[in-house]
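Architecture at a glance
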Amino acid sequence: MSDRETKPVYVLHGKDAFLQDAMRKDIVARLVADADPQLCVATFDADVSLADVLDELRTLPFLAPYKVVIVRDADAFIAGNREALEAYLEKPARTASLVLLVSSFPSNTRLYKAAKKVGEILECSISGGAELRRWVVASGKRRGKTLASDAAELLTEWVGEDLGLLDSEIEKLSLYVGERETITGDDVSKLVVASAGPVAFALTNALTMQDARAALGALDDMLTVRGEELKVLGMLAWHLRKVAAAKRLSPGGKPSPDVWKQLRIPYHQQGAFAGLLRRRSLRKVNQDFRRLIAADLAIKSGADPVAAMQVLVVELCS
């Protein structure tokens, strides 16, 4: 393996354990290639001594062309050995890479500059929103699947920012669609959203019809376990975004066939959805978003989740 294909140090920093572990696995796979990891990968915990790490780095790999030395939860390790690590990076081992897994790695330190000069510094965090959807799409591509835009949006809204859970759901979806290349929003609604019960879309259907009684009934069926309110909030955000997009794309008040196609509204739901757009002004839609945010903040601040959600769905039907 040439020097150009390896770096003496890789720093993976961030608080997303799943993403950090995925990056670690990718780096190890690239560096050791077909060699047996048991012979050329050494992993240490945070309390390891600097001497043990340096000895491992400077010892030639056994029955392998290259070696990887990993220090987990290395914040304290770095804090106690900063100057020695800076010195090591001035003349690192040629047959080994040091991989440091840390929660933070400030860019205003000499060690950061030294590591960036000779190695790679990778951030293990995703801010959500568009970045999270891009990660979901990339996860599908790794499995040879294309996620339709509505599938990625619904999946992130419903599952949230738990990358491990998202990856698991994408794996299930990939197996579910079989040889088909594209994962659609309908696939997500059947396999992921529907896992919460047969009323997964009853709530948004009731909101489309502005039927408060039916919406409260669907909500009651969904909030059977503590924590489900966060999934319901995600579902409502997804629904409101579709309404807002339809309003923007239909300045005359009547969606065109292209709008129905772009928003992937099934034919049998288009009449009810068009009725909602006539009844709900853009001002009210914007107000609905503010109500959604207020409910989310109230729940996270300790308010009773069931009561907060009940008030919200009644407001969304008013």
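These numbers were taken from a predicted model, which means no experiment stands behind them.

**What to know about the overall build of the protein**
Tallying secondary structure elements over the protein gives 17 helices and seven strands in all. Relative to the compact-globule value of 20 Å for 318 residues, the protein shows a C-alpha radius of gyration of 25 Å, a clear excess of over 25%. Viewed in the frame of its principal axes, the protein has a C-alpha envelope of about 70 × 45 × 35 Å. When contacts within the protein are restricted to residue pairs at least 6 apart in sequence, those whose partners lie at least 24 apart make up 73%. Of the roughly 16,600 Å² of accessible surface on the protein, 52% is carried by carbon and sulfur atoms. Charged side chains of the protein number 43 positive and 42 negative; the gap between the two group centres comes to 8 Å.

**Examining the pattern of salt bridges**
Throughout the structure, instances matching the rule amount to 15 salt bridges. The salt bridge partner of Asp 288 is Arg 291, with a shortest N-O separation of 3.4 Å. Of the two residues, Asp 288 and Arg 291 are both situated in helix H16 (residues 282-300); the distance of three residues between them amounts to about one turn of the helix. When salt bridges with common partners are traced through the structure, they connect Arg 280, Asp 288, Arg 291 and Glu 315 into a single cluster.

**Points about a nonpolar patch on the surface**
A cluster of nonpolar side chains, contributed by Leu 39, Phe 62 and Leu 63, occupies part of the molecular surface with about 330 Å² of accessible area. For Leu 39, the position within the fold is in helix H2 (residues 37-40). The class for Leu 39 is partly exposed, based on a relative accessible area of 35%.

**Description of the sheet that holds strand S5 (residues 120-123)**
Across the sheet, which stays open at both edges, the five strands sit in the order S2-S3-S4-S1-S5 with parallel pairing between neighbours. Pairing within the sheet leaves two strands with one partner each, and these edge strands are strand S2 (41-44) and S5. On average, adjacent strands in this sheet sit at an angle of 15° to one another, irrespective of strand direction. Inspection of the sheet shows S2 paired to strand S3 (residues 67-71) by four bridges, in the parallel sense. Looking at S3, one finds that Ala 42 is bridged to Val 69. Contacts from helix H3 (residues 50-58) reach S2, S3 and strand S4 (96-102), with the element oriented near 165° to S3.

**Let's talk about the nonpolar core**
Membership of the largest hydrophobic core comes to 60 residues, with the highest contact counts inside it found for Leu 155, Leu 203, Leu 236 and Met 309. Here this core gets seven residues from one element, more than from any other, and that element is helix H13 (residues 228-249). Those residues within four positions of Leu 155 in sequence are excluded, and the remaining contacts are Val 136, Leu 147, Gly 160, Leu 166, Glu 169, Ile 170, Leu 173, Val 188 and Val 192. With 26 residues, the next largest nonpolar core counts Val 48, Phe 77, Leu 85 and Tyr 112 among its residues.

**Thoughts on the confidence of the model for the protein**
When pLDDT is averaged along the protein, the result is 86, and 96% of the positions lie at 70 or above. Contacts for the low-pLDDT stretch residues 194-198, under 50 throughout, to residues beyond four places or in other chains number four contacts.

**Concerning unusual backbone geometry**
The phi dihedral of Leu 63 falls on the positive side, at around 55°, and the residue is not glycine. Mapped onto the secondary structure, Leu 63 falls in the loop between H3 and S3. Not every positive phi belongs to a glycine, and Gln 210 is a case in point at roughly 60°. Note that Gln 210 resides in the loop between helix H11 (202-209) and helix H12 (212-222).

**Description of the packing of helix H8 (residues 149-159) against H13**
The N-to-C vectors of H8 and H13 enclose an angle of 145°; their axes lie 7 Å apart at closest approach. Listed contacts from H13 to Asp 150, Glu 153, Leu 154, Glu 157 and Trp 158 of H8 are Lys 231, Val 232, Gly 234, Met 235, Ala 237, Trp 238 and Arg 241. In terms of residue class, the contact of H8 with H13 is built from six nonpolar, one polar and five charged.

Cut-offs and rules
- For every chain, the first residue of the written sequence is number 1, and numbering continues from 1 onward in sequence order.
- For this predicted model, a pLDDT threshold of at least 70 governs which residues receive local features, and a threshold of 80 or more governs which side-chain atom pairs are given and counted, while totals over whole chains, interfaces and linings are taken from all residues.
- The side-chain figures draw on all heavy atoms in the structure; neither hydrogens nor water molecules are used.
- Each helix corresponds to a stretch of at least 4 residues labelled H or I by DSSP, and each strand to a stretch of at least 2 residues labelled E; elements are numbered beginning at the N terminus.
- We compute the radius of gyration from the C-alpha atoms alone; for a globule the expected value is 2.2 Å times N to the 0.38, where N is the number of residues.
- We call two residues contacting when some pair of their heavy atoms lies within 4.5 Å.
- To be clear on the numbers: accessible area is Shrake-Rupley with a 1.4 Å probe, and residue cover counts the displayed protein chains and nothing else.
- Charge assignment in this entry is limited to Lys and Arg as positive and Asp and Glu as negative, and neither His nor the chain termini are counted.
- To locate a charge, the coordinates of NZ of Lys, CZ of Arg, CG of Asp or CD of Glu are taken.
- Take a side-chain nitrogen of Lys or Arg and a carboxyl oxygen of Asp or Glu: if they are within 4 Å of each other, that pair is a salt bridge.
- Patch membership requires over 30% relative accessible area and the absence of a salt bridge. Like charges are linked within 9 Å, and nonpolar side chains (Val, Leu, Ile, Met, Phe, Trp, Tyr) within 5 Å.
- Categorising residues by exposure relies on relative accessible area from a 1.4 Å probe, with only protein chains included: less than 20% of the type maximum marks a residue as buried, more than 50% marks it as exposed, and the intermediate range marks it as partly exposed.
- Paired strands, as defined in this entry, are two strands with at least two bridges between them according to DSSP.
- Helix axes are fitted to C-alpha atoms over the stretch in contact, other axes to C-alpha atoms as well, and angles between N-to-C directions run from 0 to 180 degrees.
- Here, nonpolar core means buried Ala, Val, Leu, Ile, Met, Phe, Trp, Tyr and Cys residues that are tied together by side-chain atoms lying within 4.5 Å of each other.
- A residue's pLDDT is the confidence the predictor assigns to it, expressed on a 0 to 100 scale.
- Three classes are used, and their members are as follows: Ala, Val, Leu, Ile, Met, Phe, Trp, Tyr, Cys and Pro are nonpolar, Asp, Glu, Lys and Arg are charged, and the others, Gly among them, are polar.

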